[in-house]
2 protein chains.
Amino acid sequence: MLRHIARRLGSLHGQIQFSNGLKGVSPNQLLSKETHRHLQSSLETISPISMMSLWPFSSQPRDFSQPNSSWSPEMRKVYDHYIALCDTDSENGEKQRGPWRKLPSYNRSIKYATAGIHLSKLIQAKARLFTRNVKEQGATFEYVVFVNKEEKRCVCVFQAGHLLEGAPGHVHGGAIATIIDTVTGSLAGFLSGPIMTANLNIDYRSPMPLGSVVLIHSALDRIERKKTYITCKVTSTDESKLYTEATEQTEQFCY
Amino acid sequence: MLRHIARRLGSLHGQIQFSNGLKGVSPNQLLSKETHRHLQSSLETISPISMMSLWPFSSQPRDFSQPNSSWSPEMRKVYDHYIALCDTDSENGEKQRGPWRKLPSYNRSIKYATAGIHLSKLIQAKARLFTRNVKEQGATFEYVVFVNKEEKRCVCVFQAGHLLEGAPGHVHGGAIATIIDTVTGSLAGFLSGPIMTANLNIDYRSPMPLGSVVLIHSALDRIERKKTYITCKVTSTDESKLYTEATEQTEQFCY
């Protein structure tokens, strides 16, 4: 029984971490491919409440991709658009399956540290996801990822806060790379299971002003054996302006 | 006279921003190429004290690339190694020119915002450089960049803090991209003047544990007209382990 609970916990961790869109090394790498498959189906039947109750750090982990007061009207408008395309309850109480699904996003991953040299003691207690490491709402990465399983693509709405500055008044190239890696990694992990980023290739087409709300469109290009190729482009919300284009190649990973 | 001061201030801003290693859009883009050339030579004769006195936000801007208590012995050892190769005062009081120079690093750039939609009011007062936006020492990016003008290369010593997490216990791929963009951009800007990043291509070879101290070696590959090509590799401090390889292409930029 304990083993079953532990296994279930581990599995949910994996799903939750995946939902975070963690990349670099994908958190999904912590799960075997079989476990991932098993959970991807079993999670369909688990309600958000039961997922939360299994969260090891708190009974109610906060989903940071929920609207907050820092969101601009533009950000909220896009969010509302995609939320309306997600699962909904019909008048007769039945669940209607929409084409999109919103991924939750937490600020911590599993209590797991294989490494860490100087800061190893801190890691256990204080480590936080890079994109969710600042408490002040709106200061850094405000984002939410919607995934469309059938079309093998996802869309992220991203509002760039004032602490992401590179050139004065503009978003740091590294911050753009970070949100791209997060989004493309989420999609690759969703489609291929445990993965890690092997290559990230970014073309910066136009400077992005701080405070911008942009769309990050990510789609599957192809899967070749253990490699998953993802394309990505960053545009204004009306898609008239192209800020960035990128490709990401990931590789399957199993412990 | 006022115009002269303003021009001088603007120039120093440019140099200071450049020293920050800002990228994405390089802060140097704010200076004309001629101004940049003029200042690169004139700055040779300006002492740090006089630079500080011209800083518009405070009389003593803090250089974040100075040693602090969060630095591991490994980080400090590499720092001391390169500091010893920088300019030194000899016994007779004369300045001896070393092959390396340490670049200072601040957490703010010029009070300048061309853009910013939702957060435009915040940008003026609260914007901070992405790599220096967390006050807690050791929590995110601890780094210092040394540049070797003659050899057209630079070395960054980087200690990855616990708030840079991607996969559990490991550094987020976006954080690695950020420090690479910062370092390669510093070198490209140093060699070519006002630039902006056009392409960043990263191969992740091995996961980097949180708390690691690594070296980021960056060197000029070639300059073709307005394009500067930089290579980069991230290794352990003894250079026995390769974490990441990257190339960056920048383009000259003038307002």
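Residues numbered from 1 in each chain as written. Chains lettered and ligands numbered in written order. Predicted model: local features only at pLDDT ≥ 70, side-chain atom pairs only at ≥ 80, totals over all residues. Heavy atoms only, no water.

Undergrad: Looking at this structure, I do not really get the overall build of chain A. What am I missing?
TA: Tallying secondary structure elements over chain A gives 6 helices and 9 strands in all. For chain A, with 255 residues in total, the buried portion stands at 58%. Taking contacts inside chain A between residues at least 6 apart in sequence as the whole, the part at least 24 apart equals 66%. Carbon together with sulfur atoms contributes 51% to the accessible area of chain A, which is approximately 10,900 Å² in total. (Helix = DSSP H or I, 4+ residues; strand = E, 2+ residues; numbered from the N terminus. Buried < 20%, exposed > 50% of the residue type's maximum accessible area, 1.4 Å probe, protein only. Contact = heavy atoms within 4.5 Å. Areas by Shrake-Rupley, 256 points an atom, 1.4 Å probe, with all protein chains shown as cover.)

Undergrad: I'm lost on the packing of aromatic side chains in this one. Help?
TA: Any pair of aromatic rings gets described here by the distance separating the centres and the angle formed by the planes. Counted by the stated rule, this structure contains 15 aromatic pairs over all chains. Between Tyr-79 of chain A and Phe-146 of chain A the ring centres are 6.0 Å apart and the planes differ by 55°, which places this aromatic pair in the tilted class. Within this pair, whereas Tyr-79 of chain A is found in helix 4 (residues 73-83), its partner Phe-146 of chain A is found in strand 4 (residues 141-148), the two being separated by 67 residues in sequence. Their ring planes at 25° and their centres at 5.4 Å tell us that Tyr-82 of chain A and Phe-146 of chain A sit as a pair that is stacked. Of this pair, Tyr-82 of chain A sits in helix 4 while Phe-146 of chain A sits in strand 4, and the two are 64 residues apart along the sequence. Each member of the pair, Tyr-82 of chain A together with Phe-146 of chain A, is buried. Between Arg-132 of chain B and the ring centre of Tyr-143 of chain B, over which it is positioned, the NZ or CZ distance is 3.8 Å. (Phe/Tyr/Trp six-rings, centres within 6.5 Å; stacked < 30°, edge-to-face > 60°. Lys NZ or Arg CZ within 6 Å of the ring centre and 35° of its normal.)

Undergrad: Honestly, the pairing of strand 9 (residues 242-252) of chain B in this entry has me stumped. Any pointers?
TA: The side chains of a regular strand alternate, residue by residue, between the two faces of the sheet. All names here are of chain B. By the bridge criterion, 9 bridges tie strand 6 (residues 195-204) to strand 9 in an arrangement that is antiparallel. When the bridges of strand 9 are listed, Asn-199 appears paired with Gln-249. Across 9 bridges, the pairing between strand 8 (residues 227-236) and strand 9 is antiparallel. Paired with Cys-232 across the strands is Ala-246, a residue of strand 9. (Pairing = 2+ DSSP bridges.)

Undergrad: So what exactly am I meant to see when it comes to the pattern of salt bridges here?
TA: Scanning the model with the defined rule gives 16 salt bridges over all chains in all. Measuring nitrogen to oxygen at the nearest pair gives 2.8 Å for the salt bridge that ties Lys-126 of chain A to Glu-136 of chain B. Residue Lys-126 of chain A is found in helix 5 (residues 120-126), and its partner Glu-136 of chain B is found in the loop between helix 5 (120-126) and strand 4 (141-148); the two belong to separate chains. Among the ionic contacts, a cluster of salt bridges with common partners joins Asp-203, Arg-205 and Glu-245 of chain A. (Salt bridge = Lys/Arg side-chain N within 4 Å of Asp/Glu carboxyl O.)

Undergrad: Even after reading the chapter, I still don't get the UniProt feature "domain: Thioesterase" (unreviewed entry) in chain A, so can you show me in this structure?
TA: If you check UniProt for "domain: Thioesterase" (unreviewed entry), the listed places come out as residues 169-240 of chain A in our numbering. Segment residues 169-240 of chain A splits into 28% helix and 44% strand. End C-alpha atoms: 21 Å apart. (UniProt positions renumbered as here; feature names shortened; annotations may be inferred.)

Undergrad: Would you mind going over helix 6 (residues 173-192) of chain B with me for this structure?
TA: Quick reminder: α-helices carry 3.6 residues per turn. Residues three or four places apart thus point the same way. Residue and element names in this part refer to chain B. Here helix 6 contains 20 residues, and its C-alpha end-to-end distance of 28 Å stays within 8% of the 28 Å for a straight helix at 1.5 Å per residue. Summarising burial for helix 6: 19 of the 20 residues are buried, a large majority. Gly-193 sits one or two residues past helix 6 and shows a positive phi near 80°. (Expected span 1.5 Å × (residues − 1).)

Undergrad: Help me understand the environment of Ile-83 of chain B in this model?
TA: Residue and element names in this part refer to chain B. Mapped onto the elements, Ile-83 comes out in helix 4 (residues 73-83). Residues Ile-83 and Gly-98, spaced 15 residues apart in sequence, show a C-alpha to C-alpha distance of 9.3 Å. Beyond its immediate chain neighbours, meaning those up to four positions away, Ile-83 contacts Lys-102 and Phe-146.

Undergrad: Honestly, the confidence of the model for chain A in this entry has me stumped. Any pointers?
TA: Should the pLDDT be low somewhere, the predicted coordinates at that spot are not to be read in detail. All names here are of chain A. Model confidence for chain A is summarised by a mean pLDDT of 77, while 69% of its residues fall at 70 or above. This model gives residues 1-59 a pLDDT under 50, and the stretch forms 120 contacts once residues within four places in sequence are excluded. Note that pLDDT drops below 50 for residues 110-119; the model gives that stretch 34 contacts with residues more than four away or on any other chain. (pLDDT = per-residue confidence, 0-100.)

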